[in-house]
Amino acid sequence: MNTILIAIIVANVLVSYKGFNDISFFRKYEFHMGSVRAGDQIRILSSGFLHADFGHLIFNMITLYFFAPVVIAYLGSISFLIIYFGSLIFGSLLTIVFHKNDYNYRAIGASGAVTGVLYSAILLQPDMMLGIFFIIPMPAYVFGILYLLYSIYGMKAKNDNIGHTAHFGGAIGGYIITLASSPHLLVDNTLMVLLLTFPIVVLFIMAKMGKI
């Protein structure tokens, strides 16, 4: 396994474990809108290494473990690192845009960064198949579109504690950074690039109309 990928997984495990056992540490570094707007902006990054529980942590790290090698194989370790942290930041920034007036809003998890890596992998290898629940076969691009449409629904419904906004922001980050680093995809995989743009366009149309 790639050294940088191992380092990121280890960092997530160590920081999350510290947060599981130290509530003051957890509160100090989670994403909290009031604190971020007051200038405590380290939370934009640090919150991406905290998780709610072992299940949350394991799910994100397994997803990263499966899809990061695709990005590394196509773009290299440095580009993977840029996509990972860029997607994490995009996720936090979109969260700020949509929740800037909710000073009590809190969020944690590497989901934004991991979703960015997932979306990047789909762009780079759109014909790969995923095993949903390790059983149901599904083309990666279909999963990517359905996942983001579900995230839009979650952002609108606001009936759970999942950070759908960070997922979506991470996907946008992974999409933009991957295309910026590999513009040939616009020609080589034009249809896929357009298909993966669809949920992003839907989000911004709904935001413009005040539906989210």
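Look above for the structure.
So, a few notes on the structure that sits alongside this text. From a predicted model like this one, the values you see are computed outputs, not experimental measurements.

Structural notes on the overall build of the chain
Thought 1: When you go through the chain residue by residue, the secondary structure sums to 11 helices and 4 strands.
Thought 2: Counting only C-alpha atoms, the chain reaches 50 × 45 × 35 Å along its principal axes.
Thought 3: Buried residues in the chain amount to 47% of all 212 residues.
Thought 4: Put simply, 74% of the contacts in the chain that link residues at least 6 apart link residues at least 24 apart.
Thought 5: When the accessible surface of the chain is totalled, it reaches about 10,600 Å², and 69% of it is carbon and sulfur.
Thought 6: For the chain, the distance from the average site of its 11 positive side-chain charges to the average site of its 8 negative ones is 12 Å.

Digging into the environment of Tyr 147
Thought 1: Of note, Tyr 147 is situated in helix H8 (residues 140–157).
Thought 2: With 38 residues separating them along the chain, Tyr 147 and Leu 185 place their C-alpha atoms 22 Å apart.
Thought 3: Excluding residues within four positions of it along the chain, Tyr 147 makes contact with Thr 115 and His 167.

So, the side chain of Thr 165
Thought 1: For Thr 165, the position within the fold is in helix H9 (residues 164–181).
Thought 2: What Thr 165 contacts, discounting residues up to four positions off in sequence, is Gly 91, Leu 94, Thr 95, Phe 98, His 99 and Met 155.

Quick look at the nonpolar core
Grouped burial of nonpolar side chains is what soluble globular proteins tend to show.
Thought 1: Membership of the largest hydrophobic core comes to 48 residues, with the highest contact counts inside it found for Leu 64, Phe 80, Tyr 84, Val 117 and Phe 168.
Thought 2: Put simply, the parts of the chain that give this core at least two residues each are helix H1 (3–21), helix H5 (54–75), helix H6 (77–99), helix H7 (111–124), H8, H9 and helix H11 (190–208).
Thought 3: With 6 residues, the next largest nonpolar core counts Met 33, Ile 44, Tyr 105 and Ala 107 among its residues.

Some points on the pattern of salt bridges
Thought 1: Tallying each qualifying case throughout the model produces 4 salt bridges.
Thought 2: With a closest N to O distance of 3.1 Å, Arg 27 and Glu 30 form a salt bridge.
Thought 3: Its relative accessible area of 41% is what places Arg 27 among the partly exposed residues.
Thought 4: You can call Glu 30 buried: its relative accessible area is 2%.
Thought 5: Bridged by salt links that share partners, the residues Arg 27, Glu 30 and Arg 106 form one connected network.

As for H6
Thought 1: The end-to-end C-alpha distance of H6 is 33 Å, a good match for the 33 Å that 23 residues give at a rise of 1.5 Å each.
Thought 2: The complete set of buried residues in H6 reads Phe 80, Ile 83, Tyr 84, Gly 86, Ser 87, Leu 88, Gly 91, Ser 92, Leu 94, Thr 95 and His 99.

Here we look at the packing of H8 against H9
Thought 1: Contact geometry for H8 and H9: axes closest at 8 Å, N-to-C directions at 145 degrees. Seen along the crossing, H8 lies across H9 with a hand that is left-handed. Listed contacts from H9 to Tyr 147, Leu 148, Tyr 150, Ser 151, Ile 152, Gly 154 and Met 155 of H8 are His 164, Thr 165, His 167, Phe 168 and Ala 171.

Re the environment of Phe 80
Thought 1: Note on placement: Phe 80 falls in helix H6.
Thought 2: Judged by its relative accessible area of 0%, Phe 80 is buried.
Thought 3: Note: C-alpha distance between Phe 80 and Val 36 (44 residues apart in sequence) is 27 Å.
Thought 4: Dropping the residues within four chain positions of it, Phe 80 is found in contact with Ile 4, Leu 5, Ile 8, Leu 64, Ala 68, Val 71, Ile 72 and Val 117.

Reading the values: the criteria
Residues numbered from 1 in each chain as written. Predicted model: local features only at pLDDT ≥ 70, side-chain atom pairs only at ≥ 80, totals over all residues. Heavy atoms only, no water. Helix = DSSP H or I, 4+ residues; strand = E, 2+ residues; numbered from the N terminus. Buried < 20%, exposed > 50% of the residue type's maximum accessible area, 1.4 Å probe, protein only. Contact = heavy atoms within 4.5 Å. Areas by Shrake-Rupley, 256 points an atom, 1.4 Å probe, with all protein chains shown as cover. Lys, Arg positive; Asp, Glu negative; His and termini not counted. Charge placed at Lys NZ, Arg CZ, Asp CG, Glu CD. Core = buried A, V, L, I, M, F, W, Y, C linked by side-chain atoms within 4.5 Å. Salt bridge = Lys/Arg side-chain N within 4 Å of Asp/Glu carboxyl O. Expected span 1.5 Å × (residues − 1). Axes fitted to C-alpha atoms, helices over the stretch in contact; angles between N-to-C directions. Left-handed = near helix turned anticlockwise from the far one by under 90°.

Take it as geometry only, folks, not as evidence of what the structure does.
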